[in-house]
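A structural walkthrough
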Amino acid sequence: MAMKILDQEVQQGSSALSYAGLLEKIEILRSRLRWASKLDRPEIEKLLRQANGLRDEVMQLSHKERFVQAASGEGVKVVQSPGERRRALLARSFVFEGTFGDNPRLLDALEVAEKAAPTDLPVLIDGESGTGKELMAKVIHANGSRADKPFISVNCGAIPENLLESELFGHKKGAFTGAANDRKGKFESAHHGTIFLDEIGELPLTGQVKLLRVLQSQEIQRVGADEAIAVDTRIVAATNKNLRKLSEQGLFREDLFYRLSVIHVSLPPLRERKDEIPLLFSYFCDEAAEALKRRPVKMTPRLRDFLLNYAYPGNIRELRNLIYRITCLAGDTAGIEHLPVDIRPRPQSSNESAADSTAAAAAIIAGAAISLSDAKRAASDEAERAFLERGLREVGGTVSELARRCDMNRSHLQMLLKKHGIHSKDFRRRDVPPHEGNRV
Ligand SMILES: Nc1ncnc2c1ncn2[C@@H]1O[C@H](COP(=O)(O)OP(=O)(O)OP(=O)(O)O)[C@@H](O)[C@H]1O
Ligand SMILES: [Mg+2]
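Anyway, here's the lowdown on the structure attached to this text. (Residues numbered from 1 in each chain as written. Chains lettered and ligands numbered in written order. Predicted model: local features only at pLDDT ≥ 70, side-chain atom pairs only at ≥ 80, totals over all residues.)

All right, on to the overall build of the protein chain then. Per the secondary structure count, the protein chain includes 19 helices and 11 strands. Out of the 440 residues in the protein chain, the part that is buried amounts to 31%. Pairs at least 24 residues apart make up 72% of the contacts formed inside the protein chain by residues separated by at least 6 positions. (Helix = DSSP H or I, 4+ residues; strand = E, 2+ residues; numbered from the N terminus. Buried ≥ 20, exposed ≤ 12 C-beta atoms within 10 Å, placed from the backbone. Contact = placed C-beta atoms within 7 Å.)

We now examine unusual backbone geometry. Although it is not a glycine, Glu 199 sits at a positive phi angle of roughly 50°. Tracing the sequence through the fold places Glu 199 in the loop between β5 (194–198) and α9 (205–217). Backbone geometry places Asn 315, a non-glycine residue, at a positive phi of 55°. Within the secondary structure, Asn 315 sits in helix α14 (residues 315–329).

Attention now goes to the site of ligand 1. Taken together, 17 residues form the shell around ligand 1, and within it Phe 100, Ser 129, Gly 132, Lys 133 and Glu 134 come nearest. The set of elements that each furnish at least two residues to the shell around ligand 1 consists of α6 (133–142) and α14. Residues of the shell around ligand 1, tallied by class, amount to four nonpolar, nine polar and four charged. If you count residues domain by domain, the shell around ligand 1 takes at least three from each of domain 2 (95–174 + 183–268) and domain 3 (271–370). (Near = placed C-beta within 6 Å. Nonpolar A, V, L, I, M, F, W, Y, C, P; charged D, E, K, R; others polar. Domains from an automatic or database assignment.)

With that settled, the discussion passes to the nonpolar core. In this structure, Ala 113, Val 123, Ile 125, Met 136, Ile 140 and Val 265 are the most contacted members of the largest nonpolar core, which totals 44 residues. Counting only elements with at least two residues in this core, the list comes to α5 (104–116), β1 (123–127), α6, α7 (164–169), β5, β8 (234–239), α11 (254–260) and β9 (263–267). Among all residues touching Ala 113, those that are not within four sequence positions of it are Met 136, Val 139, Ile 140, Asn 143 and Val 265. Core analysis: the next-biggest nonpolar cluster, separate from the first, contains 17 residues, Leu 303, Leu 307, Ile 316 and Ala 334 among them. (Core = buried A, V, L, I, M, F, W, Y, C linked by C-beta atoms within 7 Å.)

Let's shift gears to the pairing of β8. Extensive coverage of β8 is indicated by the burial of six of its six residues. Both faces of β8 are covered, namely the face carrying Arg 234, Val 236 and Ala 238 and the face carrying Ile 235, Ala 237 and Thr 239. With four bridges joining them, β1 and β8 adopt parallel strand pairing. Paired with Val 123 across the two strands is Val 236, which belongs to β8. Alignment of β5 against β8, held across four bridges, turns out to be parallel. Following the sheet pairing, Leu 197 is matched in β8 by Ala 237. (Pairing = 2+ DSSP bridges.)

α5 packs onto helix α4 (residues 82–91) with a crossing angle of 25° between their chain directions and a minimal axis gap of 10 Å. Taken together, α4 and α5 sit at an angle that is classed as roughly parallel. The element α4 and its partner α5 pack so that their crossing is left-handed. Along its contact with α4, which presents Pro 82, Arg 85, Arg 86 and Leu 89, the element α5 presents Pro 104, Leu 107, Leu 110 and Glu 114. By residue class, the composition of the contact of α4 with α5 is five nonpolar, no polar and three charged. (Axes fitted to C-alpha atoms, helices over the stretch in contact; angles between N-to-C directions. Parallel < 35°, antiparallel > 145°, perpendicular 65-115°, else oblique. Left-handed = near helix turned anticlockwise from the far one by under 90°.)

The next thing to look at is helix α13 (residues 301–309). Along an α-helix, a turn takes 3.6 residues, which lines up residues three or four apart on a common side. Of all nine residues in α13, seven are buried; the element is thus mostly enclosed. Among the residues of α13, Pro 301, Arg 302, Leu 303, Arg 304, Asp 305, Phe 306 and Leu 307 are the ones counted as buried.

This part takes up the pairing of β9. Along a regular strand, successive side chains alternate from one face of the sheet to the other. What you see with β9 is a clean split: Ile 263, Val 265 and Leu 267 sit on the buried side and His 264 and Ser 266 on the side with no burial. Two elements, β1 and β9, share five bridges in a ladder whose sense is parallel. Bridge assignment links Val 123 to a residue of β9, and that residue is Ile 263.

Our next topic: the sheet that holds β5. Pairing between the strands of a sheet is mediated by backbone hydrogen bonds and can be parallel or antiparallel. The strand order across the open sheet formed by five strands is β2-β5-β8-β1-β9, and the pairing between neighbours is parallel. Because the sheet does not close on itself, it has two edges, and the strands there are β2 (151–155) and β9. Taken over all neighbouring pairs, the strand axes of this sheet differ in orientation by 20° on average, direction set aside. Across the sheet, α5 is in contact with β1 and β9; its angle to β9 comes to roughly 155°.

Glancing now at the environment of Glu 318. Considering the arrangement of structural elements, one finds Glu 318 in helix α14. Remark: the alpha-carbon pair of Glu 318 and Thr 131, spanning 187 residues in sequence, is separated by 9.5 Å. With residues up to four places along the chain from it excluded, the contact list for Glu 318 reads Gly 130, Tyr 312 and Pro 313.

This part covers the environment of Leu 417. Here Leu 417 shows up in helix α18 (residues 410–419). A tally of 20 C-beta atoms within 10 Å means that Leu 417 is categorised as buried. Between the alpha carbons of Leu 417 and Arg 385 there is a distance of 8.2 Å; along the sequence they are 32 residues apart. Sequence-distant contacts of Leu 417, defined by excluding residues within four places in its chain, comprise Leu 388, Ile 422 and Ser 424.

Right under this line is the structure:
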């Protein structure tokens, strides 16, 4: 009921209606008390439950009011840099739960989470796969008054339809074949805490109806049981689908959509917050090294360049998994060959280290973040390569002549050419007779 009032308010943009609705309910409660000559225990319990419900509704409404006030004050706030916004959150004792990043859109999401957390309002988080929806749900839980109570995660897409009701609401012994004992459902397990309904867009329509009923009554009924059990659970749902569109197509109940999305948090894909990649990158390198009990892996400039510029369709999860994979598979230094085949770029030349230094040089020019030692190595490789190419051009591709001019050992020179993937024959002059060229 509280949610219904709030929903109406959200849609109509007026709080008078909600307060009027609450007052009306309080009046009904009062008149029942006024006219009762005597009350037995179950009746008292029932009235108490209703009074508690009303108290919670008032609390929610006042939290929401604060939220709306804070949001409307946003326009006059001085513009803060991302660093300042993050520090301000820290100063307000915000719990990040390991969420990294200074991207303005991530900070927007964190600031909404901060305001929503102390309320019991339902939150809908959307974003592509791997953008951190579950982490954000944990952030909301950790910053609210339920932080020390359970956080129960349910993947709505992974439960077979016939088990859904029992999974969410529990069952009584003998309710169906296989129900050998009484069993608590996820909602009961999340009592006083938060239930995270992941992949809510996958919930079949029958499940949606049942969920809606629970949201309205704040009571659940175990499968096969007659009595209802009151549950006090904060709902955070997540989806990688466009629920509004699904509801327009009749695949998701519109009323449930509005009820779940009182607060809406959107997480941008990683390719739209590329500025965060270097930070996440070094964090996951350290994390992977610690988890796999090894020294942080070194990377060739080419691999590093690839990882800093890749589009990450699987977002932060993909970045994390890639770094764990590389850390596990590589020896001291990881290269392009440690990437999964399906995303590995085609070698740009027959010699990988040559391509690596070119990529790193490009990264330096582009101002991409690589370590000082990598930058030095790449610059030195580039200088070496330019020196060899210029020399070969001058001597018309004759390696022995170049070795003589530079006072270098010929086999050492051959080795350097091989390292850079330079072919001396590419520098031979057209007018040089073939037997001349064969001398090299
Ligand atoms: N901003 C962030 N900082 C640090 N780690 C993050 C961040 N966002 C996500 N992660 C990490 O990335 C991984 C994926 O995050 P999460 O499971 O929350 O994504 P999701 O959106 O729920 O993905 P899916 O839709 O695939 O279930 C987790 O290991 C999480 O800890
Ligand atoms: Mg998830």
